[in-house]
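# Descriptive analysis of the structure
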Amino acid sequence: SRAIAGIWKNGHAVARPRMDRAAAAPVISEGALVADFEDGGTGVRFGHGWQVTTDAMAGGKSEAAQEWSAGGAGGSRGALRVSGEIRPGFAFPWAGTMFHPGAQPMQPVDASARSELVFQARGDGRSYQVMLFSGPSMPSMPSMQSFTAGPEWSEVRIPLSAFAGADPATLRAVAITAGLPEGAFELLIDQVELR
């Protein structure tokens, strides 16, 4: 199933779309801004939007919630508040939020013209991960980079090239999550951009 040479049905070859080519993915043509949360909601400028993600999909017990929160970075109107709890019960626990740049969740898009992910973050002082999902099919493990979210707003700037093995030409999702240690977490993000 990982190296399909062709599909035949009732003795006839069936054409199938090729997702292993960057040209097959829609190109992100809009501006760099993903979301600034100035409208009092959690909407995005392009893509499917933000969605809660936790290890529950793999049998874990961690929990997360997301909501608009007043008071964003640099005195802006609002931010996205992500909170929850990392719980025991899974080898690699996570909980947080995930942005889908395509029209549907996990639909690949061509972000090869973008060079970095930039956002503002404020939190509880713990370490968080940015997980980048890419490729012609769903990978078992995303490429990850860590950052610390302290009590003051600070800019997080991660070159897309820092995500080992990731392919921006088939970008599927970007998740911002808490992991170990276990316990409650609270993170606010604002002014999210794919520059």
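Just above sits the structure.
Below: a short report on this structure. All values reported here derive from a predicted model rather than from experimental measurement.

### Remarks on the environment of alanine 103
Note that alanine 103 resides in the loop between β7 (95–100) and β8 (116–123). Taking the C-alpha atoms as reference points, alanine 103 and proline 26, separated by 77 residues in sequence, lie 9.4 Å from one another.

### A word on the environment of serine 62
Assignment of secondary structure puts serine 62 in the loop between β4 (49–54) and β5 (63–70). Accessibility expressed as a relative area gives 4% for serine 62, which makes it buried. Distance in space between the C-alpha atoms of serine 62 and glycine 84 is 7.6 Å, their sequence separation being 22 residues. Apart from residues no more than four positions distant in its own chain, serine 62 is found in contact with Thr54, Asp55, Glu85, Ile86, Arg87, Pro93, Trp94 and Ala95. From its side chain, serine 62 meets the backbone nitrogen of arginine 87 in a polar contact 3.1 Å long.

### Brief notes about unusual backbone geometry
Between leucine 180 and proline 181 the backbone carries a cis peptide bond, its omega angle lying at 10°. Relative to the elements of secondary structure, proline 181 occurs in the loop between β12 (171–178) and β13 (183–194). A positive phi angle is found at phenylalanine 37, which is not glycine, with a value near 60°. By the element assignment, phenylalanine 37 lies in the loop between β3 (33–35) and β4. Of note, the phi angle at methionine 106 is positive, near 65°, even though the residue is not glycine. As for its position among the elements, methionine 106 is in the loop between β7 and β8.

What counts, and at which threshold
- Residues numbered from 1 in each chain as written.
- Predicted model: local features only at pLDDT ≥ 70, side-chain atom pairs only at ≥ 80, totals over all residues.
- Heavy atoms only, no water.
- Helix = DSSP H or I, 4+ residues; strand = E, 2+ residues; numbered from the N terminus.
- Buried < 20%, exposed > 50% of the residue type's maximum accessible area, 1.4 Å probe, protein only.
- Contact = heavy atoms within 4.5 Å.
- Polar contact = N/O pair within 3.5 Å; in protein donor to acceptor, adjacent residues only side chain to side chain.

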